[in-house]
Amino acid sequence: MAKICFIGLAGNSVFLYADHFHREGETVSAHSFYNEPGGKGYNQAVAAARLGGACSFIGAFGKDDGAGLCVKYLQNEGIKPLPVYKDIPSAYACILTDSKGENRVTVYGGASALLNGEDIKSLEREIVSSDMLVLQNEVSIDANIAAVEIAEKNGIPVLINPAPAVGMETELLKRAYVITPNLHEAETLFGSDWEKGMKNAGIKRAVVTLGSKGAAVYEDGDITTIPPINTKVVDTTGAGDCFTAALAVMLCDGETLKNAAVFANKAASIAVSRPYAVAAMPKRKEI
Ligand code: RIB
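Cut-offs and rules
Residues numbered from 1 in each chain as written. Predicted model: local features only at pLDDT ≥ 70, side-chain atom pairs only at ≥ 80, totals over all residues. Heavy atoms only, no water. Helix = DSSP H or I, 4+ residues; strand = E, 2+ residues; numbered from the N terminus. Rg over C-alpha atoms; globule rule 2.2 N^0.38 Å. Buried < 20%, exposed > 50% of the residue type's maximum accessible area, 1.4 Å probe, protein only. Contact = heavy atoms within 4.5 Å. Areas by Shrake-Rupley, 256 points an atom, 1.4 Å probe, with all protein chains shown as cover. Lys, Arg positive; Asp, Glu negative; His and termini not counted. Charge placed at Lys NZ, Arg CZ, Asp CG, Glu CD. Near = heavy atom within 4 Å. Polar contact = N/O pair within 3.5 Å; in protein donor to acceptor, adjacent residues only side chain to side chain. Nonpolar A, V, L, I, M, F, W, Y, C, P; charged D, E, K, R; others polar.

**Some points on the overall build of the chain**
When you go through the chain residue by residue, the secondary structure sums to 11 helices and 13 strands. A compact globule built from 287 residues would reach a C-alpha radius of gyration of about 19 Å, and the chain, at 18 Å, matches this within 12%. Across its three principal directions, the C-alpha atoms of the chain cover 50 × 45 × 40 Å. Counting only residues that meet the buried cut, the chain has 54% of its 287 residues in that class. Within the chain, contacts between residues at least 6 apart in sequence are counted, and of these 66% link residues at least 24 apart. As presented, the chain carries roughly 12400 Å² of accessible surface, and 51% of it is formed by carbon and sulfur atoms. Distance between charge centres in the chain, computed from 27 positive and 33 negative side chains, equals 4 Å.

Written out as structure tokens, the structure reads:
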């Protein structure tokens, strides 16, 4: 079983479902309320574990009940939690979903945003003993740089999901084995002609998720399109996380990037057909 180490933000998320998003100054009534732990790297760790990975999760938490719930959920999923504690509250996300399944997410980074390079160095052994390291952009750049340096030194491949794209350094992305931006993130980082931008930036490989249009695999300077799967969309929250996790598991299993992307596309199409994020992550036998 491939060992995958995830580093990321973790905290609780409140999901409110409403018919439509706010217009300026409007108060909207939600018709459903749900709470679950989350964060991009956190969701990815859960998805990868359900798909057959032996996963660990490094993240920073406040000394609060939210931290306890997040850690317990990981343990129940068979994931090894490696929490670092800070003196401010744990992260928290507010997720609004409309009747089309689209979302608007607001994240308070809290303790997760304080995860730093020294924290990562203190957990170096965990990265070194993994088959792959998976990062996003919800912890400090200092933490991500420290993690990439440890991985590089020890020949561990790094998958970076540059989400959110703001503040992500392309210098770091070109050190990754593969990156998994969505279209918006790819355009933010590399311009509207993102394929050319990636080439110029020296990106080795990428899988760009295109929402209802499937995905594009960028490898050896070429693009291959993975067609979308027709699904009734209930909630797109965490779909990109599911995709990244499935890709990581398949790559660790020795699959080609294209085959891994086909599998990840199927996994994400199941995730969007269900409500919420971690709760929606599929098990391997479902794909
Ligand atoms: O990708 C979805 C995730 O992004 C949510 O779980 C939320 O926590 C945000 O970090």
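Further notes follow.
**Observations concerning the site of the ligand**
As a matter of local geometry, the ligand sits amid Ser13, Gly38, Gly39, Lys40, Asn43, Ala93, Ile95, Val107, Glu138, Gly238 and Asp241. Gly39 is positioned such that a nitrogen or oxygen atom in its backbone is 3.1 Å from an oxygen atom of the ligand. Within the side chain of Glu138, one N or O atom sits 2.7 Å away from an oxygen atom of the ligand. When the free accessible area of the ligand is taken as 280 Å², the share hidden by the protein chains comes to 95%. Of all the secondary-structure elements, those providing two or more residues to the shell around the ligand are α1 (40–50) and β6 (91–97). When its residues are assigned to classes, the shell around the ligand shows 3 nonpolar, 5 polar and 3 charged.

**Here's the deal with unusual backbone geometry**
The phi torsion of most residues other than glycine is negative, and most of the peptide bonds are trans. The omega torsion of the bond from Ala163 to Pro164 falls at -10°, within 30 degrees of zero and hence cis. Structurally, Pro164 can be placed in the loop between β9 (158–160) and α7 (170–173). A positive phi is found at Asp220, a non-glycine position, where the angle reads about 50°. Within the fold, Asp220 resides in the loop between β12 (215–219) and β13 (222–226). Positive phi, close to 75°, is recorded for Tyr276, a residue that is not glycine. Here Tyr276 shows up in the segment after α11 (257–271).

All we've got here are geometric facts, nothing functional implied.
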